[in-house]
Structures are given as structure tokens and as C-alpha cells.
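Residue strings, one per chain:
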Amino acid sequence: MAAIIHSIGHKPFVTDATRLMLGLICFWGFPSLKALESKPEKILERYCFDCHDELSQKGNFDVVDFLKHNKPDGSLLFENLITGKMPPAGKEQLSQEERRSVLDWLAKREAEHAPVSFRRKSRQEFVFSVNDLLGTKLELADDIPEDRGTYDFDSDRRIKLSREVLSAYFSVVDEMLDHALPVEGIPTERVWQTNKVKDSHESYRCYLKPHDEGILFSWTRANNGNNYSFFYDNFEPPVPGWYDLTFDALKVGEFEEDVSLQVYAGRYYFADDRPQPQRLLGVVSLGNRSLASHSLRVFLNPGENVSVHCYSKHTFRQKSPEQGAYIKQLRVRGPVFDRWPPRPYQQVFGALALDSKVLSSDDEMPSRSRVALASRSKDDLRRILQRFAERAFASDLTEDELAPYIRVSLRHFKEGEDFVQAIKGGLKAILCSPRFLMAPGEQRAVADSMAADLARILWLSVPDEENRLLANRAAISDDTLRELIDRMIDDERSARMIRSFCDQWLNLRSLEQVAPSLKLYPRYNDLLDYYFPLETHAYLGYLIRENLPVRYLIDSDFSFLNQSLAQHYGINGVVGQSMRKVSFSEKVPRGGLLTMGSVLKVTTDGYDTSPILRGAWVSKNIVGTPLSPPPENVAAIEPAHGEAFTLREQIELHKDNRSCYACHKSIDPYGFALENFDASGQWRERYRVKQAHKATFIYRMEGYYRLGGTVDASGEVNQRPFENVFGLKKILASDQRKIAYNVAKKFFEYVNGYSARLEQRLELFDRIAAGVKGYRMKDLITEVIVYSLHEGRK
Amino acid sequence: MKHFCRREFLKFGAALPLAMNALGLRAGNTPKPSSPPRRVMFICNSLGFYEPHFFPKVRGDVSSSTYLENLAVKEKLTVFQNLYHPGMDTSNHDSEKSFLTGAPYPEAAHFKNTISIDQILAEQLGKGTRFPFLPLSIYDRGWGCSWNRRGVPIPPLHDETQVFNKLFGQEDLSARRRQVSNDQYVVQCLYRDMEQLRKQGRESSKIDAYRTVVSELEAQLKHEELWLSAKKPVVPNPLSDDQEFAFSTKISNLLELSKLAFQTDSTRVITFSMDWIYGAINVPGATGGWHTLSHHGGKEDALGKLSLIERDILKHLNSFLVELDRIPEGEGSLLDHTTVVIGSNFGDASNHTCKNLPMIVAGGGYRHQGHRVLEKPTPLCNLYLELLHQHNLDVGQFGSSVRDAGLLRG
């Protein structure tokens, strides 16, 4: 279905805070005359009433109504004033003092309407924390219901723990504990070798053929463009665990590009060509001309099989193929452990002596080892649980506080379970307790709560013992705190924060929800979906770690690409699928967030580009201008894509309608500037018009379209005209303070779970100017964290 | 595998009943509820029905349809013409994924489905039965028409014996019982833990919020415990073992089990994905690949065989409806309290088009109209939205619904 103009992706237009506040509007009767005489109101009357009184209500905003009803939510007014968007250029401007006095007044009058709320652990934080505590690396966040709803950030304090989520935590903890400390013991490592794939439907068998000692794969897409998998036979993972997959493989074909072998895990069903739910394990890039071993370490569950996908423009529907990926064989080794006894035993039991005993073996079952504890002492049990609980809660615990958890384990112990099993009972209680799930804020010592906060913000996890010690020093002064933050950003665990913040801030989690039409964009494929966010994560991580100025968010002469992305962007000379830093010449429109495939794709309407959605995205996430919701009585435009006249022309028709134009003139131009990028993120000069297909849709490389109208990417932002995206970037990058202020607000919300109150915004705004020289990224987020630890927890 | 057991249970057991008093009803020979429960069944014949034979030739008259003229309960069903799902123009067999969800473009590589209508209904109707819902299919294929709130497919059950044992047989539930009892220890521990926190004067709103959730979980465990100890209804094994017409046998067995599941109130929501994409099947009078024959291209020979398969399917569906109608319940029959939706994701399977879907709504006590032709193509989700409304579920909109279809009120 075509998008409805007045909806922005999958998120509401208004900030949720606004919505909440609107719900809380109080009517305090008629304003007294006295209130209206006070200075800020006078200032507003002088500068704003011309356009925003009861009669004009430009942009659907009525300042008189705002004052009359003493509406508590002044954020729209506040943001327009602080960022200098209002009054518009060409109108009489407020003096610095006047502006400041209105801002102060707005901040002060914002009543403390925030509902009683607190932080809970998000599902990502939960899984990372448990993994770090147990020494496992399980990816089970998807087994826990997504409870974010329409809020931007997982941390949002309005999200409440629900029974469904707690119930999922119970079962995820079981799964993690069973994996970490298995009851049945651990099978010893085995090796499998296979060069055979499971039987598949005849329509697809023609795209592979026996070759040398193995198989040559060329094309794994069904007629309608779906992926089809070839599943390897003769290997079934016996237990959930880590396995090393090694493909002895070679590219066959006289072309420069590599052949990408996508490796998935999923269940095999005979001859069902429809895509099954599968997990992408990794991509093997075959670039060389000699047989080589390519290894991936992956997690597999029993019941899953390993499958391979492979396609490229060189092997399009090649029957009895001559080109493609030759896989001599797949070798599997596992389950593998990086140390023995496995890490979880060492993390949970520490220095206590561990026994490994080999259990009976027969031909059917590989022999298993069971790790047991030499001890059966209650004191040991107590010590183990205490140590684990103190790590989980980042706090010292008294005897009384510890008692309930110990009781669970003792009960299991009494019922005759072995020591390790009994411990697991107590561990589960610890991991499901309010002290763990409703963290932070359960620490007695200031330093502990600081350590817990920092670990949650920067690592999405719990602090390690070293960090709890360091926090004692960090609690002394802001400078030592900044040092600790710096140290924690250097730790590889901070990649979780970068990814998580990036995905939530830029809405990249919705990336896969929209699929460009295969008829218009036949070269688009699921590998690009996989690589797009990697580029954005790598880029944002680089800006933060290298502490580059925020203007790099808008424009730069480099990004992180691999062969697929470079080809997609029309950049030559990048071979192979590993991500690397690539520099651009001046003529390349890439560089910066706006022109990344991830952003360009996530801002489409599920079918083709929408300047309005893109404009709203830029406005909300980069420029930071709050958008007022469209008036309710306005009918949505259903864009007719690729028709005789362009979407832009359709939208511009609305220029005549003053009530639409008042807002849209400040939203749409950002989107128009990006019109040179199609829904798959590729550069275009002309639009594509979809053509009908006959009978059953059959995928073809040239798609089903003809070229339509020429793209016009010009526009005007704040009275500054631009020709295309190059011009827009210059305009945006020229106001670094505005960009920095917006990043700070977003990061504050990410950290604290609510959007900064107006007085906090004033403080952030001031701190950016005073404390963050050159608007550098790492300094900026450090400053927000320092401020949040003092302020945000109030 | 231990954790697999647990996952299985979560699929079917997590939404175990909250209505405790409903419990005794299904355990053996306790009395029936005063007013009959409402039930639904969705059947997707994923290769469609040949349109010229399916739809009545005379508007409004079901007996003018080649396939449907012999249906016995014509006064308790309506054949709808001109329903479709938008956003299916480049879909082929993937359209089955969206049959009960209405999510567009299911063929996209990273397609993310939405919740299916049967699952929304199961959240409501499934509270009082051992199984909140029962997903069935003809062969093992990992997904069918049921999709949960996260857009994850719920694998259907295809093995009749396994389904029979699940519904009526003896299962070893000791591992699950132990699990429930362990979780109950943990819950007790959490209460003590909260008591500690309260004594220390920690934020009380936080603890209260947590306590509410824990007590909900405790109630869920309690109900699960009760179901684990409640006896299953005793039913003689009805499964036929006719190997000559294996396909036919499979369909009639699964329909028979569905009938028994409804009759014993073991579940109130069943979804049956009827598909057999590959391999030859044998029905009286014809042998051939159903999928191959579905691409008949108008050829008479292929059509002849295909219609024998399709007639065979409709024969089983007809006797299923007849049998439901023979079971007295309340002031009517079991069929009067059971909405049976029979349809397909394909309008014309030969060309993979998803317009004008063959749809029948039977039973449910609606004011049926025999054959109803809609003046213009109407989203099938309008009808689904109406079904949700008919079951007192207000979900705003569903899938591509524009409005309540208003078709079942007559």
C-alpha cells in the first residue's frame, strides 16, 4: 500500500513526550491579567502573535491559546526559539536577552508533570548482562517480546515490565543456564566432513552441479526472486553450541568481483522453495582463484542445518553452471570451547576445584564430559551465590538480602540435586529479581550506582569488578569520571552502545520492514540489508572513537564500505566483502549519514521514495526540529508513484494550501534534496515507472520499468537555496551547534529514558558551547553522560 | 532436548487459561458450560480452487456452482466473491504467509509478517481450554498460516498420531512439572526479595509494579500446574490408515481430529494449512502433482485431473461441516457456534494471481446468504475485521482493512 503522507515511517510524528503532555493538559481557569503583563508573555506577543494568534495559527500553532490555557508543554515553542528557527528570517528578531528570558521562563514553568517512573532493563541489556555474567555469547534477545512499542528508545521509562516479558526472562534464563552449565554434560568435540547437499526440488537442482570433488553453486533464487537454500547433508549439531564451519572453496569465473557465499542456519524441509525463517551466520567472500579454507565460528541449535546461498549478476539463472562458487567440502568442528573447563564454570565457581569426568560413551552418542564440583558444602554454595549476586547487582549484599536466593538453592540441594544444579536454581532467582531487572538504583554506595550506570550506558551490561573499583575514584571528581568513560569507550563492549544508540536514534531497526519493489530495483538484495547498517555502525563508531566534529554526521569524504556497498554506490576498485575505510573524491555524493543506504532505505514508504518521509526523518533526527502533528481534518495524500507527473509535482500542488505549506515548507526540502537517491539508495537522474508483468511474476535482472521524469533535487532551507544534496549538506554542516544540540538531546534520552526537560535542555545547550570544543563526538557524549549521572537520575 | 521441550510448551502452554473455574469442564465427565463457547476454524487451501468451477454461475445461487452444488449445509454458509489482499502483485506461493495476516509483499527477502487473525482470536477464545489454539498442516514444513505478534511463524503439526496424543493421549509431563515447580520456588524467592527491599524503604512504586507482574506470573504457573494434573478427555482413536489415498486420508484424519478437539472443548481455535506443493498425490480417479496440475494453463486434461483433487477436498470439507452440524449444542448445533472460514491465498493459482479469492464462511450462527458478490474488489481484511468484531474484539484495524465489511449481519 502506498504511504500515507502524514505518517512518518513507523513512528508517530509528534514526540511521545508531547503526546503524553497533551494528555495531561490542565485547565487552570482564566489567566489572570497579571500573568499576561509579565515580560516573557509581552515578548511573545510582540514577536509571535502576528502569525500565531487565534486568527492566523500558522503551522497550526496558536501562541495565544498556549498562554491562555497555560498549556504545560512548551517544547515546540522552546525548540523553535533555542535553535533560532523562529521567528523566521526576514521577521523581526528577538535580542539575545529576550530570547534567553523566554527560554528560562518556559523551562521554569514546565511543571513537574513527569509520571512516577523508573528504568527497567531492556531485553538487549538483559541478554548482554547475563552473557557477561556467565561467560556465554548467546543471542537470545529475539526470544523476548519487543516491548518498545512506538517509543524511540528501549530505555523509555514509560515502558513497563509485563508478564509476557518476565515470563520470557524466566525461560531465556533457563536456556542460558542450561547452555552454560549443561545437566547432561558436554559432548566432546567432533569433526564432520561433507560435500553433499540435501535433496531439493528439481527446479533448483539445475543451478548447481557436481564439480571436481564437490559442488559448483551458481544461482539460488527462485523464479520470483526469493532466495532458495541448499542445505548441507551429513551434519546435525548434537547440542546447542559453537561450531567452526570451514568451507574449502574457490571462485570459478573470469570476472573481477568476488562471489559471496551466504551461510545460513535453518531447518530443512524437503522441496519447499519458499524462504524459511533462517539466520544469517556470515558471508564468505571468495575472491581468489585458488582453493582456500574459509572459517566461521557460529552458534547452532539442534534441528538446524547449515545452508548456502549464492548468486551474482554473472551467474543469473545459469543452468548447468560454468561459473560460481565451488565448494569442495564443508568441515565442521564442535562444539568448541576456548578453554577447559568451559568459561561459565570458571566464571560462576571461581577458584573452587572442578572435576571433569567422562561419561559413558557408545557408538550412537559421542562421549560426554561432565564438569562437577568437588564440594558439597553449604558454605561454598553461599559463597558462590554471594559472589554472583554481587556482580549481577553491582552492590555488596547483607546476609539478609542474600537469604532468599540461598534458600532456593538449598531447597534444590535438599531434594538431592547435584551441586551445580542446585546453584542454578539460585542463579535463576538472582537473574529474575527486581534488583537485577529494575536496575539501576538498588545500590547502596554512590560509586556502585555510578559503576552500574556507566556499564549500562556504555556496555549495555553490568560493571566488572575492576570497574566497580575504578568508580570509587571516578565518584570523586568529574575529571576522573571522564577518564573512566574514556577507558570504557576504548573497551570493545562499547560497540554495543554504538550499535544500539545508532539503531534507535536513526530508526535503523525498521530497515528490514520496507522492501524496495523487485520490479523497480531488481539489483536490490538481502545482502545489502545486511551490509547497510554495518556501514552506519562502523562510521558512527569511528566518529566517536576518533572524536571527530559533529559536522562529519552531515558530510565527509570517507565511509566504510565493501564490494557490495561500493558497487551499489557506483564506486570502483573495492573488491571483497570485508568492511574498510574508503575515501571519496569531491564528486561523490556519499559521506555523512544522509546519503548512506541505510538511511535512504529506511525513509522510503515500503515501495518507493517519499520526500516527505525523508524530510521528516532529517528534521526529527538530524536537525532536531520538533514537528507538529498534521491537523486532523487534513486528508492524506496517497502518492501515485511514477505516474505521468512526479511525486514532487503532486506535493507541490499543496503549496497553494497555506495550512499545509506552513509546516511542509520546512520538512519537504530535506527530502527533495535526497530525491537523487532511489528507494534502494542508488543515485538516479530519472524516475522509474513500473511496468506490468504477464501472468506469474518472474524475476529478471532488468526489472519491469521504463524511465520516467527527470529528478529535480533543488529546494530552499531557511531562505538558503540549494541545487541538490551537495548544497543541502553545506547548509546543514554550517550550523554545528544545532546538530550537536540535537545529538546531545537524543543521547540524553537514550541514556535516561526520557526526553530532557526544558531546563535540562538549556543546561545541555550551554554545556555544549562551553565544554565541548569543536563540537567533537566523544566529548559530546561524555558530557551528556557526566551531566546525566548528576542530573538525569533525579 | 530439554530446552526444546520447554519451547514447545511455550508455544502452546504460555497462554494457558486464566479462568480457573473453566478448568473442571474439560477434565473428564464434568458438565458442559451453560452457554456454548464460540469457536473458529480457518482452512487455507493453498493452491486455490479453479474459479470457473468454484463460483456459482447464477448470482446468489450456490447450487449453480460446479463444485459447491452438493454442499449439504447451504443455508449455513456464504460464498463470497471479489475479496482480495492488496500488495500481492509480485507474490506467488508466499502469499500463503499473508492469508491470515494481510501483510503485503510476503515474497520480499526480509519480509516481516504481522500477527494472524487466528492468533488474535486465540488470545481471547483460548483462555479457557487446554490448548489456546491448534495449528495443523498436511506435511512438515515449518510454517503455515499462523503467525505470532512478533511475526514469527508458528510451526503447524502435521502428524495425526502426534496430534491425537497431544489432544487425548498420555504424555510424559514430568520434566515440565518439575520446571513449573522450580519456577514456583523462584517466585517465592522473589516475594521474599521484595519484602527485603520494602523494609529498606526502596522506591515503593517500583516494587509494586514488579509485584503485580510477579503475581500475574504466579497465577499463570498455577494454572499451568492445574492443566498438567488435569486428565485429558478419553476419546477412541478415530484415525484411518488408508494408504491408497494417503492425501485424502490425511485431510479426513485432520478434520476428524479438529471435530473431536472442538467437541471435547480441548481448543476453540484451529488453523489448517492445506498444501501439498510437490510430489504426486492420488485421489479417486486421478493421480498427479497437485502443484503441477494447478498450473493447468486451461488445458482440459490437466483441468480434469485437478478438479478431481479439488472435488475430493471439498467432499471432506462438506462432511466436516455436516458432522459439526449434527452435534447438538445449546439450542442449535456445534456448527452454529463455530465459524469455519474456508479459502485460499490464490484466486487463480495457474497464473499465481491473488485477486478474487475463493472464500466461504460457514456456521457461526450468522445470517448467511448463500452466494454474495461484492460490487468491487474488497480487502479480505475487511471481512477479518468483521469476524474480530463478531467475537467482541476491538483491534482498531487489521492488516489492510479499511472498514468492517458488514457482510455477516446479512
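Residues numbered from 1 in each chain as written. Chains lettered and ligands numbered in written order. Predicted model: local features only at pLDDT ≥ 70, side-chain atom pairs only at ≥ 80, totals over all residues.

Novice: Just to check I follow, could you spell out the overall build of chain A for this structure?
Specialist: From N to C terminus, chain A includes 29 helices and 19 strands. The burial tally for chain A puts 49% of its 794 residues in the buried class. By sequence separation, contacts in chain A at least 24 residues apart represent 73% of the contacts at least 6 residues apart. (Helix = DSSP H or I, 4+ residues; strand = E, 2+ residues; numbered from the N terminus. Buried ≥ 20, exposed ≤ 12 C-beta atoms within 10 Å, placed from the backbone. Contact = placed C-beta atoms within 7 Å.)

Novice: It is not clear to me how the overall build of chain B should be interpreted in this structure. Could you clarify?
Specialist: Scanning chain B from N- to C-terminus turns up eleven helices and eleven strands. Seen through its C-alpha atoms, chain B measures out along the principal axes to roughly 80 × 45 × 45 Å. Here chain B holds 410 residues, and the buried ones make up 48% of them. Sequence-distant contacts in chain B: of pairs separated by 6 or more residues, those separated by 24 or more amount to 66%.

Novice: Sorry, what's going on with the environment of N45 of chain B here?
Specialist: Residues and elements named next belong to chain B. Tracing the chain through its elements places N45 in strand β1 (residues 39–45). In this structure N45 comes out as buried when scored by C-beta crowding, with 24 C-beta atoms within 10 Å. As a C-alpha pair, N45 and S273 span 228 residues in sequence and 6.7 Å in three-dimensional space. In this structure N45 touches M274, I313 and S344, once residues within four positions along its chain are discounted.

Novice: Looking at this model, I keep getting lost on the confidence of the model for chain A. Mind explaining?
Specialist: One rule of thumb: low pLDDT means the predicted coordinates there are not for detailed reading. Residues and elements named next belong to chain A. Per-residue confidence for chain A gives a mean pLDDT of 83; residues scoring 70 or more make up 86%. Per-element averaging of pLDDT across chain A places helix α1 (residues 16–23) at the bottom with 37 and strand β14 (residues 558–561) at the top with 97. Under a pLDDT of 50 for its full length, residues 1–37 has, in the predicted model, 70 contacts with residues more than four places off or in other chains. (pLDDT = per-residue confidence, 0-100.)

Novice: Is there a simple way to think about the interface of chain B and chain A in this case?
Specialist: A common way to state how big an interface is: give the accessible area lost once the parts meet. Contacts between the two partners involve 52 residues from chain B, matched on the other side by 56 residues from chain A. Elements that contribute at least two residues to the side of chain B that touches chain A include exactly α1 (2–13), α6 (174–199) and α7 (204–229) of chain B. Broken down by element, the residue count for the side of chain B that touches chain A peaks at eleven residues, all from α6 of chain B. The residue inventory of the side of chain B that touches chain A, partitioned by class, reads 23 nonpolar, 14 polar and 15 charged. (Nonpolar A, V, L, I, M, F, W, Y, C, P; charged D, E, K, R; others polar.)

Novice: In this structure, what is going on with the packing of helix α8 (residues 163–180) of chain A against helix α13 (residues 419–431) of chain A? I would like to understand it.
Specialist: Packed helices, taken two at a time, are described by the angle between their axes plus the distance between the axes. Residue and element names in this part refer to chain A. With their axes 10 Å apart at the nearest point, α8 and α13 run at an angle of 140° to one another. With respect to α13, the element α8 is oriented oblique. Judged by the twist between their axes, the crossing of α8 over α13 is right-handed. For the pair α8 and α13, contact is made by V173, D174 and L177 and by K424, L427, K428 and L431, respectively. Of the residues belonging to the contact of α8 with α13, the class tally is four nonpolar, no polar and three charged. (Axes fitted to C-alpha atoms, helices over the stretch in contact; angles between N-to-C directions. Parallel < 35°, antiparallel > 145°, perpendicular 65-115°, else oblique. Left-handed = near helix turned anticlockwise from the far one by under 90°.)

Novice: What exactly am I supposed to notice about the sheet that holds strand β10 (residues 305–310) of chain A here?
Specialist: Sheet strands associate in pairs through backbone hydrogen bonding, adopting either a parallel or an antiparallel arrangement. All names here are of chain A. An order of β5-β10-β7-β8 is seen for the four strands of this open sheet, with the pairing classed as antiparallel. A single partner strand is all that each edge strand has here, and the edge strands are β5 (230–231) and β8 (279–286). The pairing of strand β7 (residues 259–266) with β10 spans six bridges and is antiparallel. The residue bridging Y264 from the neighbouring strand is S307, located in β10. (Pairing = 2+ DSSP bridges.)

Novice: Help me understand the nonpolar core in this model?
Specialist: Burial of nonpolar side chains together is a common tendency in soluble globular proteins. Residues Y169, L261, A740, A744 and L780 of chain A are the most contacted members of the largest nonpolar core, which totals 202 residues. Per-element accounting of this core gives the leading share, ten residues, to α8 of chain A. Here A744 of chain A is in contact with L764, I768, L780 and V784 of chain A, once residues within four sequence places are set aside. If you look at the next biggest cluster of nonpolar residues, it comprises 86 residues, including L68, F131, I138 and I360 of chain B. (Core = buried A, V, L, I, M, F, W, Y, C linked by C-beta atoms within 7 Å.)

Novice: Please explain helix α5 (residues 75–82) of chain A as it appears in this structure.
Specialist: Every α-helix carries 3.6 residues per turn, so stepping three or four residues along brings you back to the same face. Residues and elements named next belong to chain A. In terms of burial, α5 is largely enclosed, as six of its eight residues are buried. Along α5, the residues that are buried comprise S75, L76, L77, E79, L81 and I82. At the C-terminal side of α5, G84 shows a positive phi close to 75°.

Novice: How should the packing of helix α12 (residues 399–414) of chain A against α6 of chain B be read in this particular structure?
Specialist: Running from N to C, α12 of chain A and α6 of chain B cross one another at 170°; their axes reach a closest spacing of 8 Å. Between α12 of chain A and α6 of chain B, the angle falls in the class roughly antiparallel. Within the contact between the two elements, α12 of chain A uses D400, E401, P404, Y405, R407, V408 and R411 of chain A and α6 of chain B uses Y185, V186, C189, R192, D193 and Q196 of chain B. A class-by-class count of the residues in the contact of α12 of chain A with α6 of chain B yields six nonpolar, one polar and six charged.

Novice: Would you take a moment to explain helix α6 (residues 96–109) of chain A for this structure?
Specialist: All names here are of chain A. Under the 1.5 Å per step criterion, the end-to-end length of α6 is 20 Å for 14 residues, consistent within 8% with the ideal 20 Å. Those residues of α6 not exposed but buried are V102, L103 and L106. Looking straight down α6, one finds its buried side chains confined to an arc of 100°; they lie on one side. Relative to its buried face, α6 has exposed residues pointing more than 90 degrees away, namely Q96, E97 and K108. Tucked into the core, α6 has its buried residues touching α3 (39–52), α5 and α28 (758–771). (Expected span 1.5 Å × (residues − 1). Arc of directions from axis to C-beta.)

Novice: Is there a simple way to think about the environment of V602 of chain A in this case?
Specialist: Mapped onto the secondary structure, V602 of chain A falls in helix α21 (residues 597–602). Spatially, the C-alpha atoms of V602 of chain A and M176 of chain A are 33 Å apart, while their sequence positions differ by 426 residues.

Novice: Just to check I follow, could you spell out the environment of R148 of chain A for this structure?
Specialist: All names here are of chain A. Within the secondary structure layout, R148 lies in the loop between α7 (123–134) and α8. Exposure remark for R148: the 16 C-beta atoms within 10 Å place this residue in the partly exposed category. Each residue touching R148, except ones within four places of it in the same chain, is listed here: D154 and I159.

Novice: Can you walk me through the sheet that holds strand β4 (residues 269–274) of chain B in this structure?
Specialist: Residues and elements named next belong to chain B. Strand order in the open sheet formed by seven strands is β3-β4-β1-β9-β10-β2-β11, with mixed pairing between adjacent strands. At either margin of the open sheet sits one strand with a lone partner, and together these are β3 (134–137) and β11 (370–379). Within the sheet, the average angular offset between the axes of one strand and its neighbour, ignoring direction, is 15°. By the bridge criterion, six bridges tie β1 to β4 in an arrangement that is parallel.

Novice: Looking at this structure, I do not really get the domain arrangement of chain A. What am I missing?
Specialist: Annotation of chain A at the domain level lists domain 1 (26–71 + 74–109), domain 2 (190–334), domain 3 (511–717) and domain 4 (737–792). The centre of domain 2 of chain A, based on its C-alpha atoms, is set 48 Å off from the matching centre of domain 4 of chain A. (Domains from an automatic or database assignment.)

Novice: For this particular structure, what's the right way to read the pairing of strand β6 (residues 286–289) of chain B?
Specialist: Within a regular beta strand, the side chains point alternately toward one face of the sheet and then the other, so they alternate between its two faces. Residue and element names in this part refer to chain B. Pairing of strand β5 (residues 280–283) with β6, which is carried by four bridges, proceeds in the antiparallel orientation. Looking at the pairing, I281 lines up with G288 of β6. Counting the residues between successive antiparallel strands, the hairpin from β5 to β6 contains two residues, one of them, G285, with a positive phi of roughly 95°.

Novice: Which parts of the structure should I look at to understand unusual backbone geometry?
Specialist: Most of the time, phi is negative for any residue but glycine, and the peptide bond is trans. With an omega of -5°, the peptide bond between G334 of chain A and P335 of chain A qualifies as cis. One non-glycine residue with positive phi stands out, namely R317 of chain A, at about 40°. Inspection of the secondary structure assignment puts R317 of chain A in the loop between β10 and β11 (324–334). Accessibility expressed as a C-beta count within 10 Å gives 16 for R317 of chain A, which makes it partly exposed. Within the chain, Y105 of chain B stands out as a residue other than glycine whose phi angle is a positive 50°. Its place among the elements puts Y105 of chain B in the loop between β2 (77–84) and α4 (117–125).

Novice: Would you take a moment to explain the confidence of the model for chain B for this structure?
Specialist: Residues and elements named next belong to chain B. Model confidence for chain B is summarised by a mean pLDDT of 86, while 90% of its residues fall at 70 or above. With pLDDT under 50 throughout, residues 1–31 is counted as low confidence; its partners more than four residues away or in other chains account for 54 contacts. Across the predicted assembly, pTM comes out at 0.81 and ipTM at 0.79.

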